[in-house]
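Residues per chain are reported as follows:
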Amino acid sequence: MTNATVQIEGQLHAHAHDAVATGVAHAKGQQHPIKLYLVVWGWLFVLSTCSFLVDYFGLHGYLRWSLILLFMVVKAGLIVAVFMHMAWERLALTYAILAPPIAVLVFVSIMVLESEYTHLLRVLFFTTPS
Amino acid sequence: MAETVLTSTGQGAGRLPGWQGIAADWASDQRAFKNVSWGKAMMWIFLLSDTFIFSCFLLSYMTARMSTTVPWPNTSEVFALNIGDTHIPMILIAIMTFILISSSGTMAMAVNFGYRRDRIRTAALMLVTAAFGATFVGMQAFEWTKLITEGVRPWGNPWGAEQFGASFFMITGFHGTHVTIGVIFLIAVARKVLRGDFDVERRGFFTSRKGYYEIVEIMGLYWHFVDLVWVFIFALFYLW
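A. Geometry of the overall build of chain A. In terms of helices and strands, chain A carries four helices and zero strands. The N-to-C order of helical and strand elements in chain A reads α-α-α-α. In chain A, 59% of the contacts between residues at least 6 apart in sequence involve partners at least 24 apart.

B. Quick look at the interface of chain A and chain B. Each partner contributes residues to the interface: chain A has 64 residues there, and chain B has 70 residues. Here chain A and chain B share an interface that buries about 6200 Å² over both sides, 73% of which is from carbon and sulfur atoms. Counting the surface chain A buries against chain B, the share from its top three residues, Phe52(A), Met84(A) and Arg90(A), is 12%. Here chain A and chain B share one salt bridge between them. With a shortest N-O distance of 3.0 Å, Glu89(A) and Lys40(B) are connected by a salt bridge. At the junction of chain A with chain B, the criterion picks out nine residue pairs in polar contact (both at pLDDT 80 or more). If you list the elements that add at least two residues to the side of chain A that touches chain B, you get helix H1 (3-29), helix H2 (34-56), helix H3 (61-83) and helix H4 (91-125) of chain A. By residue number, the principal contributor to the side of chain A that touches chain B is H4(A), which donates 19 residues. Counted by class, the side of chain A that touches chain B contains 35 nonpolar, 21 polar and eight charged residues.

C. Examining helix H6 (residues 163-195) of chain B more closely. When the terminal C-alpha atoms of H6(B) are compared, their 48 Å separation across 33 residues agrees well with the 48 Å that a helix rising 1.5 Å per residue should span. After H6(B) finishes, the residue Gly196(B) shows a positive phi value of roughly 80°.

D. The arrangement of the confidence of the model for chain B in detail. Residue and element names in this part refer to chain B. Residues at a pLDDT of 70 or more form 92% of chain B, whose mean pLDDT is 89. Overall, residues 6-11 carries pLDDT values under 50, and its contacts beyond four positions in sequence, including any with other chains, amount to five contacts. Interface scoring of the predicted complex returns ipTM 0.85; its pTM is 0.84.

E. Geometry of H2(A). Along its 23 residues, H2(A) runs 33 Å from first to last C-alpha, staying within 8% of the 33 Å computed at 1.5 Å per residue. For H2(A), the set of buried residues is Ile34(A), Tyr37(A), Val40(A), Trp41(A), Leu44(A), Leu47(A), Ser48(A), Ser51(A), Phe52(A), Val54(A) and Asp55(A). On its buried face, H2(A) sits against H3 of chain A together with helix H3 (75-78), helix H4 (91-115) and helix H8 (214-238) of chain B. Gly58(A) sits one or two positions beyond H2(A) and adopts a positive phi of about 65°.

F. Region of interest: the environment of Thr180(B). The residue Thr180(B) is located in helix H6 in this model. Note: C-alpha distance between Thr180(B) and Leu59(B) (121 residues apart in sequence) is 24 Å.

G. Focus on the packing of aromatic side chains. Residue and element names in this part refer to chain B. Applying the stated criterion across every chain yields a total of 29 aromatic pairs over all chains. Taking 6.5 Å as the distance between ring centres and 85° as the angle between the ring planes, the aromatic pair formed by Trp159 and Phe164 counts as edge-to-face. Phe164 gets classed as buried once you look at its relative accessible area, which sits at 0%. Residue placement shows Arg116 over the ring face of Phe113; its charged tip is 5.5 Å from the ring centre.

H. Fine view of the packing of H3(A) against H8(B). Interhelical geometry of H3(A) versus H8(B) gives an angle of 180° and a closest axis separation of 10 Å. Looking at the two axes, H3(A) sits roughly antiparallel to H8(B). Every residue of H8(B) that contacts H3(A) at Trp65(A), Ile68(A), Leu69(A), Met72(A), Lys75(A), Ala76(A), Ile79(A), Val80(A) and Phe83(A) is listed here: His224(B), Asp227(B), Leu228(B), Val231(B), Phe232(B), Phe234(B), Ala235(B) and Leu236(B). Partitioning the contact of H3(A) with H8(B) into residue classes produces 14 nonpolar, one polar and two charged.

I. Molecular detail of the side chain of Ser102(B). Within the secondary structure, Ser102(B) sits in helix H4. A distance of 2.8 Å separates a polar side-chain atom of Ser102(B) from the backbone oxygen of Phe98(B). If near-sequence neighbours (up to four positions away) are discounted, Ser102(B) is found in contact with Trp41(A), Phe45(A) and Phe132(B).

J. Structural view of a nonpolar patch on the surface. A contiguous nonpolar patch, built from Tyr117(A), Leu120(A), Leu121(A), Leu124(A), Phe125(A) and Phe126(A) and spanning about 700 Å² of accessible area, is present on the exposed surface. With respect to the helices and strands, Leu124(A) occurs in helix H4.

K. Inspection of the pattern of salt bridges at higher detail. Across all of its chains, the model carries ten salt bridges over all chains by this definition. The partner of Arg64(A) in a salt bridge is Asp55(A), and the shortest N-O contact between them spans 3.1 Å. Here Glu201(B) and Lys210(B) are joined by a salt bridge, their closest N and O atoms 3.9 Å apart. For Glu201(B), a relative accessible area of 25% gives the class partly exposed. A relative accessible area of 35% means that Lys210(B) is categorised as partly exposed. In the salt-bridge network here, residues are joined through shared partners; they are Glu89(A), Lys40(B) and Glu217(B).

Conventions and cut-offs
- Residues numbered from 1 in each chain as written.
- Chains lettered and ligands numbered in written order.
- Predicted model: local features only at pLDDT ≥ 70, side-chain atom pairs only at ≥ 80, totals over all residues.
- Heavy atoms only, no water.
- Helix = DSSP H or I, 4+ residues; strand = E, 2+ residues; numbered from the N terminus.
- Contact = heavy atoms within 4.5 Å.
- Buried area = accessible area lost by both parts, 1.4 Å probe.
- Salt bridge = Lys/Arg side-chain N within 4 Å of Asp/Glu carboxyl O.
- Polar contact = N/O pair within 3.5 Å; in protein donor to acceptor, adjacent residues only side chain to side chain.
- Nonpolar A, V, L, I, M, F, W, Y, C, P; charged D, E, K, R; others polar.
- Expected span 1.5 Å × (residues − 1).
- pLDDT = per-residue confidence, 0-100.
- Buried < 20%, exposed > 50% of the residue type's maximum accessible area, 1.4 Å probe, protein only.
- Phe/Tyr/Trp six-rings, centres within 6.5 Å; stacked < 30°, edge-to-face > 60°.
- Lys NZ or Arg CZ within 6 Å of the ring centre and 35° of its normal.
- Axes fitted to C-alpha atoms, helices over the stretch in contact; angles between N-to-C directions.
- Parallel < 35°, antiparallel > 145°, perpendicular 65-115°, else oblique.
- Patch = residues over 30% accessible without salt bridge, like charges linked within 9 Å, V, L, I, M, F, W, Y side chains within 5 Å.
- Areas by Shrake-Rupley, 256 points an atom, 1.4 Å probe, with all protein chains shown as cover.

Here you go:
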């Protein structure tokens, strides 16, 4: 038998085994106390409220932006880590999923530079002096 | 999946923790994500691709907004409502946000009860989640109607930069579509849970494969992702 067939057989076996094991394996693996979810739920409410208060009190400049981004990142982290169980997944999956979006941040910084340059050109050539 | 395929040396591969575990998982001539079922891995990979799509939308919006010399509409006022006699800025988005977060909370609990094989509670919590989702879409329909009657179009709006309309309809429309698909997905899985499909290992209509309670977690991943995207839209589109 080739490697591939061994592999497929292994997977079939794993499937058959899974039918029995899924419930048991996951009942152990992804079962967390309901209280944990309620606490995270509560925190998401608190953090969202904080975000709105930033707007409500009309904060401006770097303070506004650091607060909004901070609340955004913490909320996203809570959802991914607890609600989506990423905190308990295998590291190989965690890095496979979390590393690519970090590349997006590089893209963001490139586009910030680009749009500032475009803005500069528009101000220089297209806006009428008032 | 719990079972690990044995390597030629007879050792169970990929059970190492930490960085050694990552190297072993990725280097193995087998499935990469040990202990993670295909269903779950594929949903994660789909969500990663969806992340890129939403990133592109938000990035284009950011680029348009940062490079325009025309003032951007004040979102705090655009999404304000008059409730009774009081004028509350951003209130519509606030309610929508809390509704979506709550739907994530009920979904997470549904996954938990699913693994405990508590059919009634799982299905009930999923239907509550679907109801929250439908409410969200309903409020979005209201939001769109209000803006359209006020003259917002993909090519213009009464308050400033033309790109506002295009960004708004594109981003919230794509997110709303995701929520709508999620509601349908939730109802379909809730029906299967309620009917006991995963207890009797009934075969699926389209795939003729047996379903497991894990599908509740997999669809939960999708639903939480929809909430996750909203966190970014909410911060970058509405609060900016």
